[in-house]
Amino acid sequence: MSNSTRTYPSDVAFTPTVKAVQTRKGSRPLYARVEENGSWQTRIAPDLKAFIEAQRSVFLATANREGQPYIQHRGGPPGFLRVLDEATIGFADFAGNRQYITLGNLADNPKAYLFLIDYARRQRIKIWGEARVVEGDEELAASLMPEGYKARAEQAILFTVAAWDANCPQHIPQRFEADDVAAALAERDRRIAELEAEIARLRDGGEAQ
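These numbers were taken from a predicted model, which means no experiment stands behind them.

Turning our attention to the overall build of the protein chain. Along the backbone of the protein chain there are six helices and seven strands. Element order for the protein chain, N to C, with α for helix and β for strand: α-α-α-β-β-β-β-α-β-β-α-β-α. Radius of gyration (C-alpha) of the protein chain: 23 Å, far over the 17 Å computed for a compact globule of 209 residues. Referenced to the eigenvectors of the C-alpha coordinate spread, the extents of the protein chain come out at roughly 85 × 50 × 30 Å. Counting every position in the protein chain, which comprises 209 residues, the buried fraction comes to 33%. Accessible surface, the protein chain as shown: approximately 13000 Å² in total, 52% of it carbon and sulfur. Side chains of the protein chain give 27 positive and 29 negative charges; the mean places of these two sets differ by 7 Å.

Below, the discussion takes up the packing of aromatic side chains. Applying the stated criterion across every chain yields a total of five aromatic pairs. An aromatic cluster is present here, built from Phe14, Tyr31, Trp40, Tyr113 and Trp128 joined pairwise through their rings.

What follows concerns the pattern of salt bridges. Per the counting criterion, the structure on display carries 13 salt bridges. In this structure, Glu35 engages Arg28 in a salt bridge whose closest nitrogen and oxygen atoms are separated by 3.0 Å. Judged by its relative accessible area of 5%, Glu35 is buried. Note on Arg28: relative accessible area 14%, which makes it buried. Arg190 serves as the salt-bridge partner of Glu194, at 2.3 Å between the closest nitrogen and oxygen.

Turning to a nonpolar patch on the surface, a few remarks are in order. On the surface, Leu30, Tyr31 and Val34 cluster together to form a nonpolar patch covering roughly 220 Å² of accessible area. With respect to the helices and strands, the residue Val34 is situated in helix 2 (residues 28–36).

Moving on: the environment of Leu106. With respect to the helices and strands, the residue Leu106 is situated in helix 4 (residues 101–108). For the pair Leu106 and Ala63, spaced 43 residues apart in sequence, the C-alpha separation works out to 7.6 Å. The residues contacting Leu106, other than those within four sequence positions of it, are Thr62, Lys111, Ala112, Ala131 and Val133.

A few words now on the pairing of strand 4 (residues 88–94). Within strand 4, seven of the seven residues are buried, leaving the element largely enclosed by the surrounding structure. Bridging between strand 3 (residues 82–85) and strand 4 involves three bridges; their strand directions are antiparallel. Looking across to strand 4, one finds that Asp85 is bridged to Thr88. If you look at the hairpin formed by strand 3 and strand 4, you'll find two residues sitting between the two strands. In terms of strand pairing, strand 4 meets strand 7 (residues 153–167) through seven bridges, oriented antiparallel. Considered in strand 7, the bridge of Ile89 is made with Phe159.

Let's shift gears to empty space enclosed by the protein. For the coordinates displayed, the defined rule picks out one cavity of 30 Å³ or more. Every residue lining the largest cavity is listed: Gln72, Arg74, Asp93, Phe94, Asn97, Tyr100, Ile101, Thr102, Leu103, Glu154 and Gln155. The dominant element in the lining of the largest cavity, judged by the number of residues it contributes, is helix 4, at three residues. Tallied by class, residues from the lining of the largest cavity come to four nonpolar, four polar and three charged.

What counts, and at which threshold
- Residues numbered from 1 in each chain as written.
- Predicted model: local features only at pLDDT ≥ 70, side-chain atom pairs only at ≥ 80, totals over all residues.
- Heavy atoms only, no water.
- Helix = DSSP H or I, 4+ residues; strand = E, 2+ residues; numbered from the N terminus.
- Rg over C-alpha atoms; globule rule 2.2 N^0.38 Å.
- Buried < 20%, exposed > 50% of the residue type's maximum accessible area, 1.4 Å probe, protein only.
- Areas by Shrake-Rupley, 256 points an atom, 1.4 Å probe, with all protein chains shown as cover.
- Lys, Arg positive; Asp, Glu negative; His and termini not counted.
- Charge placed at Lys NZ, Arg CZ, Asp CG, Glu CD.
- Phe/Tyr/Trp six-rings, centres within 6.5 Å; stacked < 30°, edge-to-face > 60°.
- Salt bridge = Lys/Arg side-chain N within 4 Å of Asp/Glu carboxyl O.
- Patch = residues over 30% accessible without salt bridge, like charges linked within 9 Å, V, L, I, M, F, W, Y side chains within 5 Å.
- Contact = heavy atoms within 4.5 Å.
- Pairing = 2+ DSSP bridges.
- 1 Å grid on protein atoms, 1.4 Å probe; cavity = no way out; pocket = protein on both sides within 12 Å on 5 of 7 lines; lining within 4 Å.
- Points joined across faces, edges and corners; volume = space filled by probe spheres on them.
- Nonpolar A, V, L, I, M, F, W, Y, C, P; charged D, E, K, R; others polar.

In structure tokens form, the structure reads like this:
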């Protein structure tokens, strides 16, 4: 379904066949109300920008000419996903993966999908759109590299947002980043040491009287 034939942004996912299934399964009235009340968003608002740029990983889905889907995990430090404007997300494609399935798929079919999940806050964001690979633009690739990150950008990928939606937290296990846990434990240990030192000081002061 092309952009010109979509009535609602969610039509990028809710094709006529999907809507027929929703009708048969009884959920169509719910999603019809969602469509009538504004449907999904098509622009990257400031809160979504903050969410995207805080992520350490993302799942990028593409499909080849035959429609066979492929999901690739991409990761990096917070900020490796960069919001360039209200409709564009960019990231450096780090050297290392030699299968090039994503690049080959995008050469045949630009349609793509990003799935972002924040386990600590139990939030997930789904983003539909199109992606393109930019090779040979060293300035762009360098601008998308996270500062101080030890990797080499082989090319850049630019993702144009068509629509996005936020899922409910149901069934998302709550997990925390190891670095965040280590920092929290270090802060706890530091505070315990301070309290133990204070107790010892008070005890010594009492015994001296």
